[in-house]
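Examination of the molecular architecture
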Amino acid sequence: MRNLSTSSTESNSPTSIAERRASYEEILRLALERGFFFPSAEIYNDSLAGFWDYGPLGFLLKSNLEREWRRWIVKYEDMIEMDGALILPKSVFEASGHLSSMVDPIVECTKCHNRLRADKFISEKTGLQVDERLSPEEFQDLISKYNLRCPKCGGELGKPSRFNMMFRVGVGAENADAYLRPETAQNIFTAFSRLSKTQRLKLPKGIAQVGKSFRNEIAPRQSLLRLRELIQAEVEVFFNPSGSFDHSKFEKLQNVKMKILSVDGEMKEVSDFSEAARLFGSEIIAYYFALLQRFYNAIGFSKEDTRFRELSAKDRAFYATSAFDFEINSGLGWVELVACNYRTDYDLSTHSKASKKDLMVMDGETKVLPHVIELSLGVDRTMFMLLDKFFRHEPNRDVLRLPPNVAPYLAAVFPLISKPPFESVAEKIYEDLKLQDFAVFYDDSGAIGRRYRRMDEVGTPFCVTVDPQTIDDQTVTLRQRDSMEQKRVKIGELAEELRRLRNQNVPGTITA
RNA sequence: GCGAGGUUAGUCUAGCCUGGUUAGGACGGUGGCUUCCCAAGCCUCCAGCACGGGUCCGAAUCCCGUACCUCGCACCA
């Protein structure tokens, strides 16, 4: 996460005069109290930082978010989806470059235990160009040669070592070196050959995967924003770099507006594809960025909330030749949600070399090693940002204004009074809606207003209430979370109405 | 990792400086009476001093260690 600024800009979310955005602490309170997420193994004293569990509401929110990602990106583009192993052998990461490039050379002061990046420290002190891939012995030689000491306390520096952000695991009786994957992408590259042969793939083709990745962060912080175990929803689009792009695909995404912050700090709004292609580097990149933008629009973020930030050469991952971070403007400043990398043929080429397998595929008449565009989406961060954007304090209530397509529960069902005949009718409606696969919640305790408030706080957009009139004319009240208005709906038309409301377009969404 | 500050029911918080009845309150939740369309009322009950060690006749309170949280620095494929 970069560029954390304290300024929070109000965006075009539904607002009333008195409502107020929730602070980070208040979002955490909601999460803990209502069961969105909480520290993993928290009852133990040695529970680990950077690991969080999702509770019932967080789980439902996550499921909905992933479903919408499939709907707007994976299914829309006829991508294929896989689900790979979390533990991968050493050779995968030797080839991918993660073993050498994800390693930071570290040196620690023997006296005050201050830890320094060896390469940066040495080059700072000596003015030399220091390659971070030098061996620990070479760093040791440099430190002795220039007689370098701890910049803080003047103490003697210990032995340089390497810190790798990957979790190593020992597999089998031999304890063979293997690693928890630091990104989901590697499964896709190692499976690419089989998938291309057996799934009759034609370029360009997206291969998607959602799952856990693991990074041994030194200082995990801010709950879901900096995790050691995180969920990524990744798409690797394989394409022929010398092929042409089908322009007719642009038409359906014409209305998608994007903002780009270029390396030189200039903010531009992009509204047509030729301009987007120029700013993002190619037509195909512009296209997939528009697809990504539309997904975020569909879960409630607008172009005002979001931007693509171009990364300079030194900020990019080691495998990327061009890279943009898709960021959201939150109460914590601009936060990176999606890493968008042009990985060229880096991965297929290195894996091909290391495994000695030909990973080229046919594109029409020609044999090519495809290039890759990657959209690596942080699911946990996106969930936090949904809470950040939509959790609001109003004078008389806290309300989570999640769009219906991601809200954990779509609707709640209440009897106005927990007495017959209202109870049995309400229960019947609840059972029916469950069988039709709606995420619904039943509550009959306490006053009706209290039950509405509870649902407001966890983001349930609709409440169905059975009252005396229901007994007369088979209608119920359908109460809207945001306006608190209610209308009467026939019981028989309830499911259809809820389905319609769930799919109503949120601001900024276009109908495909 | 370093530095600073912090941790009291599910959540928020008083008490800590100056050790001494049964750790107080609010919100929340349970059950009951009542009311019934936007957190009504009354009663009942539930639930807590982060963990470990030390000092002391006695520790939420003082000391040490550990974990976690927040902020800053560093890191962030």
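An account of the accompanying structure is given in this report. (Residues numbered from 1 in each chain as written. Chains lettered and ligands numbered in written order. Predicted model: local features only at pLDDT ≥ 70, side-chain atom pairs only at ≥ 80, totals over all residues. Heavy atoms only, no water.)

1. Side note on the overall build of chain A
Heads up, the condition is: Elements are defined by DSSP. Helices are runs of H or I of four residues or more, strands are runs of E of two residues or more, and each kind is numbered from the N terminus. Our radius of gyration is a C-alpha quantity, and the globule rule it is checked against amounts to 2.2 Å times the number of residues to the power 0.38. Throughout, exposure labels follow a simple rule: accessible area from a 1.4 Å probe, protein chains only, divided by the maximum for the residue type, with under 20% read as buried, over 50% as exposed, and the rest as partly exposed. Note on contacts: a residue pair qualifies if any of its non-hydrogen atoms lie within 4.5 Å across the two residues.
For chain A, the count of helices and strands is 16 helices and 27 strands. For 512 residues, the compact-globule formula gives about 24 Å, and the C-alpha radius of gyration of chain A, at 26 Å, lands near that figure. A principal-axis box enclosing the C-alpha atoms of chain A has dimensions of 90 × 65 × 55 Å. Taking all 512 residues of chain A together, 54% fall into the buried category. Summarising the internal contacts of chain A: among those between residues at least 6 apart in sequence, 67% fall at separations of at least 24.

2. Some thoughts on the packing of aromatic side chains
Two aromatic rings are characterised by how far apart their centres lie and by the angle between their planes. Defined as follows: We call Phe, Tyr and Trp rings a pair once their centres come within 6.5 Å, taking the six-membered ring for Trp, and we label the pair stacked below 30 degrees between planes, edge-to-face above 60, and tilted otherwise.
Under the criterion given, the structure shown has 27 aromatic pairs. Ring geometry for Phe 37 versus Phe 384: centroids 6.5 Å apart, planes at 50°, classification tilted. Taken together, the residues span a long stretch of sequence, with Phe 37 in strand β2 (residues 37–39) and Phe 384 in helix α12 (residues 379–390) at a distance of 347 residues. The exposure class assigned to Phe 37 is buried, which follows from its relative accessible area of 2%. Between Tyr 296 and Phe 301 the ring centres are 6.0 Å apart and the planes differ by 55°, which places this aromatic pair in the tilted class. Take Tyr 296 and Phe 301: they sit in the same class, and that class is buried.

3. Points about the protein's contact with RNA strand B
Note the cut-off: For this description, a residue counts as near a given molecule or strand if any of its non-hydrogen atoms is within 4 Å of it. Here a polar contact is taken to be a pair of N or O atoms separated by no more than 3.5 Å, where protein atoms must pair a possible hydrogen donor with a possible acceptor and residues adjacent in sequence count only if both atoms sit in side chains.
With respect to spatial proximity, 43 residues lie near RNA strand B, and among them Asn 45, Arg 215, Arg 226, Ala 317 and Arg 454 are the closest. In RNA strand B, atoms within 4 Å of the protein come 50% from sugar and phosphate. Measuring from a sugar or linking oxygen of RNA strand B, one finds a side-chain N or O atom of Arg 453 at 2.8 Å. Within the side chain of Asp 467, an N or O atom sits 2.8 Å from a base nitrogen of RNA strand B. Looking at the surface near RNA strand B, the elements with two or more residues in it are α1 (24–34), β7 (115–117), α14 (448–457) and β26 (475–480).

4. A word on the sheet that holds strand β21 (residues 391–393)
Convention followed: Pairing between two strands requires that DSSP report at least two bridges joining them. Axis definition: a line fit to C-alpha positions, over the contact stretch in the case of helices; interaxial angles, taken between N-to-C directions, run 0 to 180 degrees.
Strand order in this open sheet of three strands is β1-β21-β22, and the pairing throughout is antiparallel. Each end of this open sheet is capped by a strand with a single partner; those strands are β1 (20–21) and β22 (398–400). Across three bridges, β21 lies against β22 in antiparallel orientation. By the bridge assignment, Phe 391 is partnered in β22 with Leu 400. Contacts from α12 reach β1, β21 and β22 within the one sheet, and its direction differs from that of β21 by about 25°. On top of the sheet, α14 reaches β21 and β22; it is set at about 50° to β22, its chief contact.

5. Observations regarding helix α9 (residues 273–280)
Among all positions of α9, only Phe 273, Ala 276, Ala 277, Leu 279 and Phe 280 are buried. Where α9 is buried, its residues touch α8 (248–252), β13 (258–261), β14 (267–270), α10 (283–298), β15 (306–310) and β16 (322–330). Positive backbone phi, at 110°, marks Gly 281, one or two positions downstream of α9.

6. Some thoughts on the nonpolar core
Our working rule: Only buried residues count toward a nonpolar core, which is a set of Ala, Val, Leu, Ile, Met, Phe, Trp, Tyr and Cys residues joined through side-chain atoms within 4.5 Å.
Core analysis: the largest hydrophobic core is formed by 83 residues, its most contacted members being Phe 36, Trp 69, Phe 280, Leu 292 and Tyr 296. In terms of residues, this core owes the most to one element, α10, which gives 12 residues. In this view, Phe 280 contacts Met 258, Ile 260, Ile 285, Ala 286, Phe 289, Phe 308 and Phe 324; residues no more than four positions away in its chain are not counted. The next biggest cluster of nonpolar side chains, apart from the first, holds 21 residues, and it includes Leu 433, Val 440, Tyr 442 and Val 489.

7. Describing the sheet that holds β16
Reading across the sheet, the nine strands line up as β4-β11-β12-β20-β17-β16-β15-β13-β14 and stay open at both edges, with mixed pairing between neighbours. This sheet does not close on itself; its edge strands, each paired only once, are β4 (80–81) and β14. In this structure, β16 lies alongside strand β17 (residues 333–344), joined through nine bridges in antiparallel fashion. Residue pairing in the sheet places Ser 322 in a bridge with Tyr 342 of β17. Lying on the sheet, helix α7 (residues 185–198) is in contact with β4, β11 (205–214), β12 (229–239), β17 and β20 (371–378); it crosses β12 at an angle near 40°.

8. With respect to the packing of helix α2 (residues 56–75) against α12
Formally: Roughly parallel here means an angle under 35 degrees, roughly antiparallel means over 145, roughly perpendicular means 65 to 115, and every remaining angle is called oblique.
Following both chains from N to C, one finds α2 and α12 inclined at 110°, their axes separated by 10 Å at the closest point. It follows that α2 is roughly perpendicular to α12 by the angle criterion. Across from Gly 58, Leu 61, Lys 62, Leu 65 and Glu 66 in α2, the residues of α12 making contact are Val 379, Thr 382, Met 383, Leu 386 and Leu 387.

9. Considerations on a nonpolar patch on the surface
Note the cut-off: Residues enter patches when their relative accessible area tops 30% and they take part in no salt bridge; the joining distance is 9 Å for like charges and 5 Å for the nonpolar side chains Val, Leu, Ile, Met, Phe, Trp and Tyr. Surface exposure here means Shrake-Rupley accessible area, sampled with a 1.4 Å probe, where a residue is shielded only by the protein chains that are shown. For salt bridges, the criterion is a side-chain nitrogen of Lys or Arg within 4 Å of an Asp or Glu carboxyl oxygen.
Residues Leu 86, Ile 87 and Val 171 make up a contiguous nonpolar surface patch of roughly 220 Å² in combined accessible area. Structurally, Leu 86 can be placed in the loop between β4 and β5 (87–89).

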